[in-house]
2 protein chains.
Amino acid sequence: MDVKYKVICEEIAKNIREGLYQDTKKLPTEEELIEQFEVSRNTIRKAIDLLTRKGLVIPIQGSGVFLRSVSMDGAINLEDFHGLTQGFGENHVTTKVNSFKLIEADEKLAQVMQCEKGTPVYFIERLRSVAGVPYVVEYSYYNRELIPYLSEEIVKGSIYQYIREELKKSIGFVDRVITAGILNEHDARELGLTPGEPSLISTNRAFLKSGVIFDYSIDIHNYKETKFLKLSNYL
Amino acid sequence: MDVKYKVICEEIAKNIREGLYQDTKKLPTEEELIEQFEVSRNTIRKAIDLLTRKGLVIPIQGSGVFLRSVSMDGAINLEDFHGLTQGFGENHVTTKVNSFKLIEADEKLAQVMQCEKGTPVYFIERLRSVAGVPYVVEYSYYNRELIPYLSEEIVKGSIYQYIREELKKSIGFVDRVITAGILNEHDARELGLTPGEPSLISTNRAFLKSGVIFDYSIDIHNYKETKFLKLSNYL
DNA sequence: TATAATTTGTCCGTATGTATA
DNA sequence: TTATACATACGGACAAATTAT
C-alpha cells in the first residue's frame, strides 16, 4: 500500500520493534510526528489508530501514546490473521502437506462458503509446526473461482502471502469462531498428543474486499502451545 | 456519552437490531445519514467505523455499508467485553457467588496487576449460568484502591455495569489471552462436567482509561456452550 | 465495451473541548 | 492555574472501486 497512514503505521511499528521509544515507553507527540512525516494531523491520527487496533499502543488523553508492552511471543494476535508466518517469523514455521486436491463443494460446504453447489474448491490439509513442535492441523477450502491457481509448492508456504503478493488480491475481513474441543485420533497423532485431550479450535471464513468468501478453514490447535491474544479497546 | 458519533452509532445499531435496513441489507449512504443526523461527513464516518469495529457492518468502497449478518446468538463477541449480561440479555444470566473476600496481593498477583505487594484486593469466585446452564466459573481480583467498594449484592449482578454507571469510571482497554485447558475437579463440578474434559479459558486484565489495571480475572468456560467470536477487518 | 454516476476512501486544514501533567 | 497532548467536530477536495447507463 502506498497509502500514507499505512506506511507511517508500518514505519512506527518497525521503530517499536527495534526498541526506539524504549526510554520513554511512548511515541513522540502528534505534533512531533506531523513534523517528522510532513503530513496532516488527521493522517497521523489514522496511523496511530491503526497501531492501536493492532494492539501495539494505547493513547491516553492528555498524557501521550504509550507502548502496550504485552509479550506476543508464541501467541497469535487475533487482529493479525496473516497466518502463522507473520507471528513467528518465517523460518521457524514448517509445513507438512497431508492432502491437496480439487473437489466440488457439496451442499453444506457451498452454504458455508456462500457459493454454488458444485463449485470447484481446493481442499488442503496441513500440519504446521513452530520450531519443530506440532502447532496446528489446518483443514482449508479455497474457492477456485476466486483463487484460480494453487500448487503444492505454494501450499507449503504462506497461502495468504501468495494471495496478497502474487495474486494481488485484497483480503477484506475475517469471521472467526473460537471453541475448545476433544482431539480425535487423527489430529492427536498429528499433534503428538493423545486422543481425548483438549484442542483449541478456530473456524474461519475469510472474505476478499469485495465481500466474497475465498477461504473457509478449521484450525485444530495444540492446546499446550497455542495462545490467542485479544488486545481490545473499549468501544 | 453525549459524544455525537457514539450516539449515532448506538442509534444505527438499534435500527439494525430492530430489522430496519433488512430489505436492502445495507445502511443508507453517508450522504443520507449526514442529512438524517445533521452532522458532518467525518462524524458519520466515525460512527460507521465504530459499527465496523463492533462487527455489525462492513463498508465496501463504491458499493455501500453492508450488514454483517453473523449470528451472535449464544456467542461472546470479543469486541464487547461488557461481561455476559450484554451478550445474552440480563434476565437469562444468573450468578452464584462462591466466594467474596478482601485479601492482600501477594508478590505474583501484584506483578500481574501492576500494583504494590500488599495492596488490598477483592477476590471473587462466581459461577454464571445462561438460561440455567452453567456457563463459566470466574475467578476475579479487583484492586480496592481503584474500586473502593464492592458488596455481595453488586457482585451478584454485573460488576462492570456498576463500575461504569455507579462509580462513573471509564474502562479503557482489556488484554485477553485465550487458551484451552483440562478441567480440574472443582471447576468440573461447578460446570456440571467431568474432570479431564476440556475447558475454554480466558485470562483477562482490564484497565481504566488512565492506564491502570483494576481487574484481573480467569474465566473457565463450559466448552460445550461457549463460542468466542472475532469479526475482524484487514488492517 | 466504454462512460458516467454513485459511494466509500484518503488527505488536508481549522477550531474547540477535555484530560493530564 | 497554566501548558501540554489527545479527542471531537466541521469543512472541502480529490482518488478509487463499484454500479448503472
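About the criteria used
- Residues numbered from 1 in each chain as written.
- Chains lettered and ligands numbered in written order.
- Predicted model: local features only at pLDDT ≥ 70, side-chain atom pairs only at ≥ 80, totals over all residues.
- Heavy atoms only, no water.
- Contact = heavy atoms within 4.5 Å.
- Buried area = accessible area lost by both parts, 1.4 Å probe.
- Salt bridge = Lys/Arg side-chain N within 4 Å of Asp/Glu carboxyl O.
- Helix = DSSP H or I, 4+ residues; strand = E, 2+ residues; numbered from the N terminus.
- Pairing = 2+ DSSP bridges.
- Least-squares fit on C-alpha atoms with pLDDT ≥ 70 in both.
- Near = heavy atom within 4 Å.
- Polar contact = N/O pair within 3.5 Å; in protein donor to acceptor, adjacent residues only side chain to side chain.
- Nonpolar A, V, L, I, M, F, W, Y, C, P; charged D, E, K, R; others polar.
- UniProt positions renumbered as here; feature names shortened; annotations may be inferred.
- Buried < 20%, exposed > 50% of the residue type's maximum accessible area, 1.4 Å probe, protein only.

Chain A is annotated in an unreviewed UniProt entry as Transcriptional regulator, GntR family of Proteiniclasticum ruminis.

Caption draft 1: Representation of the interface of chain B and chain A in the model. The interface of chain B with chain A comprises 42 residues on the first partner and 42 residues on the second. Counting the surface lost from both chain B and chain A, the interface buries some 4,000 Å², and carbon and sulfur atoms represent 61% of this. If you look at where chain B meets chain A, you find six salt bridges. With a closest N to O distance of 3.1 Å, Asp175 of chain B and Arg68 of chain A form a salt bridge. Elements represented by at least two residues in the side of chain B that touches chain A include exactly α3 (41-53), β1 (57-60), β7 (171-182), β8 (198-208) and β10 (228-233) of chain B.

Caption draft 2: How the structure looks around the sheet that holds strand β4 (residues 93-104) of chain A. Spatial ordering of the open sheet is given by β4(A)-β5(A)-β6(A)-β9(A)-β8(A)-β7(A)-β10(B)-β3(B), a layout of eight strands whose pairing is mixed. Since the sheet does not close on itself, it has two edges, and those belong to β4 of chain A together with β3 (76-77) of chain B, each with one partner.

Caption draft 3: A look at the relation of the copies chain B and chain A. Its rotation angle being 180°, the transformation that places chain B on chain A also includes 0.0 Å of axial translation and leaves an RMSD of 0.1 Å. Seen this way, the second copy is the image of the first under a two-fold rotation axis. Closest approach to the rotation axis among the C-alpha atoms of chain B is made by Pro198 of chain B, whose C-alpha sits 2.5 Å away.

Caption draft 4: Here's a closer look at the protein's contact with DNA strand D. Arg45 of chain A together with Lys4, Ser40, Asn42 and Thr43 of chain B are the nearest of the 23 residues found near DNA strand D. Within the backbone of Glu30 of chain A, one N or O atom sits 3.0 Å away from a phosphate oxygen of DNA strand D. Interatomic distance of 3.2 Å between a side-chain N/O atom of Lys46 of chain B and a phosphate oxygen of DNA strand D. Here the surface near DNA strand D gets four residues from one element, more than from any other, and that element is α3 of chain B. Among the residues forming the surface near DNA strand D, the class breakdown is six nonpolar, eleven polar and six charged.

Caption draft 5: Just the UniProt feature "domain: HTH gntR-type" (unreviewed entry) in chain A, in detail. In the UniProt entry, the feature "domain: HTH gntR-type" (unreviewed entry) is given for residues 2-70 of chain A. Secondary structure over residues 2-70 of chain A splits into 51% helix and 12% strand, and the C-alpha atoms at its two ends are 29 Å apart.

Caption draft 6: View of the pairing of β7 of chain B. All names here are of chain B. Counting buried positions over the twelve residues of β7 gives ten, a clear majority of the element. In this structure, β7 lies alongside β8, joined through eleven bridges in antiparallel fashion. Counterpart to Gly181 in the pairing with β8 is Ser199.

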